[in-house]
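# Structural characterization, general
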Amino acid sequence: MGDNVVCNELEGTTTQDLEDDRFLEQNGLGSRSVTTAAGNSVMNFMKLAFAEAKGALARLEVPVGCVIVKDGEVIGRGSNRTNETRNATRHAEMEAIDMVLCLWQQSSTAHSDNVSTEGFQQCDLYVTCEPCIMCASALSLLGFRKVYYGCGNDRFGGCRSVLDIHTDGCAPCGLSYDQAEVHEVQKTRGFECVGGLMADEAVALFQGFYENGNQNAPRPHRPVRIEKSPQLGL
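Below is a short write-up of the structure. Sequence order as written defines residue numbering, which begins from 1 separately in each chain. Two thresholds apply to this predicted model, a pLDDT of at least 70 for residue-level local features and 80 or more for giving and counting side-chain atom pairs, whereas whole-chain, interface and lining totals are computed over all residues. For side-chain calculations, the full set of non-hydrogen atoms in the structure is used, while hydrogens and water are omitted.

## A short note on the overall build of the chain
- The helix and strand labels rest on DSSP assignments: H or I over at least four residues marks a helix, E over at least two residues marks a strand, and numbering proceeds from the N terminus. Looking only at helices and strands, one finds eight helices and five strands in the chain.
- Counting from the amino terminus, helix and strand elements in the chain follow one another as α-α-β-β-α-α-β-α-β-α-α-β-α.
- Each residue's exposure class comes from its accessible area (1.4 Å probe, protein chains only) as a fraction of the maximum for that residue type: buried when under 20%, exposed when over 50%, partly exposed otherwise. A buried classification covers 40% of the 234 residues belonging to the chain.
- Contact between two residues is taken to exist if any of their heavy atoms lie within 4.5 Å; hydrogens are not considered. Taking all contacts inside the chain whose residues are at least 6 apart in sequence as the whole, residues at least 24 apart take part in 53%.

## With respect to the environment of Arg90
- Looking at the element boundaries, Arg90 is found in the loop between helix H3 (82-85) and helix H4 (92-107).
- For Arg90 and Cys135, which are 45 residues apart along the polypeptide, the C-alpha to C-alpha distance reads 9.9 Å.
- Excluding its chain neighbours within four sequence positions, the residues that come into contact with Arg90 are Ser79, Asn80, Arg81, Thr82, Thr85, Glu95 and Asp98.
- Side chain to side chain, Arg90 and Asp98 meet in a polar contact 2.7 Å long. The definition of a polar contact used here is a pair of N or O atoms within 3.5 Å, where within protein one atom must be able to donate a hydrogen and the other to accept one, and adjacent residues in sequence count solely through side-chain atom pairs.

## Here we look at the sheet that holds strand E4 (residues 146-151)
- Two strands are counted as paired when DSSP detects at least two bridges linking them. Read from one edge to the other, the open sheet built from five strands follows the order E2-E1-E3-E4-E5, with strand pairing classed as mixed. Looking at strand neighbours, the two that pair on one side only are strand E2 (73-79) and strand E5 (192-194), the edges of this open sheet. Each adjacent strand pair in this sheet contributes to an overall mean axis angle of 15°, direction not counted.
- In this structure, strand E1 (residues 65-70) lies alongside strand E3 (residues 123-129), joined through five bridges in antiparallel fashion. Its bridge partner being in E3, Lys70 is matched across the sheet by Cys123.
- Where helices are involved, their axes are fitted lines through C-alpha atoms of the stretch in contact, as for all axes, and angles between N-to-C directions lie from 0 to 180°. H4 contacts E1, E2 and E3 of the sheet and is inclined by roughly 135° relative to E2.

## A closer look at the pairing of E2
- Pairing geometry for E1 and E2, over six bridges, is antiparallel. Counted as the bridge partner of Val69 is Val74 from E2.
- Hairpin connection, E1 to E2: the antiparallel pair is bridged by two residues, and Asp71 has positive phi, about 55°.

## Some details on the environment of Met198
- Residue position: Met198 is located in the loop between E5 and helix H8 (199-211).
- If sequence neighbours within four positions are ignored, Met198 has contacts with Met43, Met46, Lys47 and Phe50.

## Overview of the pattern of salt bridges
- For this document, the term salt bridge refers to a Lys or Arg side-chain nitrogen within 4 Å of an Asp or Glu carboxyl oxygen. Tallied over the entire structure, the rule returns seven salt bridges.
- Linking Arg77 and Glu52 is a salt bridge whose minimum nitrogen-to-oxygen distance equals 3.2 Å. Here the residue Arg77 occupies a position in strand E2, and Glu52 occupies one in helix H2 (residues 42-58), the gap between them amounting to 25 residues.
- Judged by relative accessible area, which is 35%, Arg77 ranks as partly exposed.
- The salt bridge partner of Arg90 is Asp98, with a shortest N-O separation of 2.7 Å.
- In this structure Arg90 comes out as buried when scored by relative accessible area, which is 16%.
- Residues joined by salt bridges that share partners form a network here, namely Arg81, Glu84, Arg90, Glu95 and Asp98.

## Some thoughts on the nonpolar core
- Ile68, Phe120, Leu125, Tyr126 and Phe144 are the most contacted members of the largest nonpolar core, which has 45 residues in total.
- Among the elements that take part in this core, H2 stands out by supplying seven residues, more than any other.
- Among all residues touching Phe120, those that are not within four sequence positions of it are Ile68, Ile97, Val100, Leu101, Trp104, Leu142, Gly143, Phe144 and Arg145. Side-chain atoms within 4.5 Å link the members of a nonpolar core, which is a set of buried Ala, Val, Leu, Ile, Met, Phe, Trp, Tyr and Cys residues.

Written out as structure tokens, the structure reads:
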């Protein structure tokens, strides 16, 4: 038995399982024993997202991972590739979305470049960290049904922490949210959102990454100013 796992009286059930059950029940999600049509639970899908995040960490990427689920089956997965691609938009959610779009394009009888995105309306997304404003806007534009996430994103979160895109939707490209309201332009719809799943594990991954420093981060353009301090002998 692992050092950090304490068994409950129920065989095969750990204290972490019971904490997961309590969290899910408090949020109206049943428990870990409540499964999807394909026999997978909410927490199992979250654990698959964490497997993606750990893969990102091994590649020296910011450790965020996600999976996209439709009809109880994982149809897309992704993790951060911003360092590898030198592209700040390649977040885990974008990687998973592109994987699904490629899959649908390949399976389309017409093999058209204009693949319908209506299928996302029957999809749920599981991600280890609250989607940023960019990703939350994309999820709203595509019409995702539900989003589950781990820890909050205090600096860039689009699902409560900074903006409420999950409830308010977002304005069309080229218009600010206020402009859309003034001109009565229809905004995208929001999506159901549940946060806090395995949040401690998500924070621990970030801490492990940033304690070692982001080795692939670009150097600052401006020189770092060091203030003189008698304590440092400067």
